[in-house]
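# Working through the structure, step by step
Read off the chains here:
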Amino acid sequence: GIGSVQLALTVKSPLSVDSSTARFRPSAGTVVLTAADFSFEVEYGAADKVTIRIDNAKDGSVDRTVVTNVAALDALLTSK
């Protein structure tokens, strides 16, 4: 593992929440999670598209972009 990571959460654009499912989930908007050494931005777009942009050194450049969908992200975050 990478040890203890503390993240700060900010909302970059309004976050719409879909409450029609069994649990609340974002359906649009962008959030940014920032740690001491990196940050990543999660953008929820149309048709359940999710774009994750990772800035490893927090220097304002995007080091990696991952495009996925809500179902795949949910599966990753809720897997055991």
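In this text, all values refer to a predicted model and were calculated from it rather than measured experimentally.

### Examining the nonpolar core
Val31, Leu33, Val42, Tyr44, Val50, Ile52, Val70 and Leu73 together form the largest nonpolar core, which totals eight residues. Listing elements by their share of this core, those giving two or more residues are β2 (25-34), β3 (39-44), β4 (49-55) and α1 (70-78).

### A closer look at the side chain of Thr51
Structurally, the position occupied by Thr51 is in strand β4. Apart from the residues within four sequence positions on either side, Thr51 is in contact with Glu41, Val42, Glu43, Thr65, Val66 and Val67.

### Quick notes on the environment of Ile54
Tracing the sequence through the fold places Ile54 in strand β4. The partly exposed category is assigned to Ile54, whose relative accessible area is 22%. For Ile54 and Thr65, which are 11 residues apart along the polypeptide, the C-alpha to C-alpha distance reads 6.3 Å.

### Overview of the pattern of salt bridges
With the rule as written, the count across this model stands at three salt bridges. Where Glu43 meets Arg53, a salt bridge forms, and the shortest distance between an N and an O atom there is 2.6 Å. Here the residue Glu43 occupies a position in strand β3, and Arg53 occupies one in strand β4, the gap between them amounting to 10 residues. Overall, Glu43 belongs to the partly exposed group, its relative accessible area being 28%.

### Observations regarding the packing of aromatic side chains
Within the structure shown, the criterion is met by one aromatic pair. With centroids separated by 6.2 Å and ring planes inclined at 10°, the aromatic side chains of Phe38 and Phe40 adopt a geometry described as stacked. Given the relative accessible area of 22%, Phe38 is considered partly exposed.

Parameters and conventions
- Residues numbered from 1 in each chain as written.
- Predicted model: local features only at pLDDT ≥ 70, side-chain atom pairs only at ≥ 80, totals over all residues.
- Heavy atoms only, no water.
- Core = buried A, V, L, I, M, F, W, Y, C linked by side-chain atoms within 4.5 Å.
- Buried < 20%, exposed > 50% of the residue type's maximum accessible area, 1.4 Å probe, protein only.
- Helix = DSSP H or I, 4+ residues; strand = E, 2+ residues; numbered from the N terminus.
- Contact = heavy atoms within 4.5 Å.
- Salt bridge = Lys/Arg side-chain N within 4 Å of Asp/Glu carboxyl O.
- Phe/Tyr/Trp six-rings, centres within 6.5 Å; stacked < 30°, edge-to-face > 60°.

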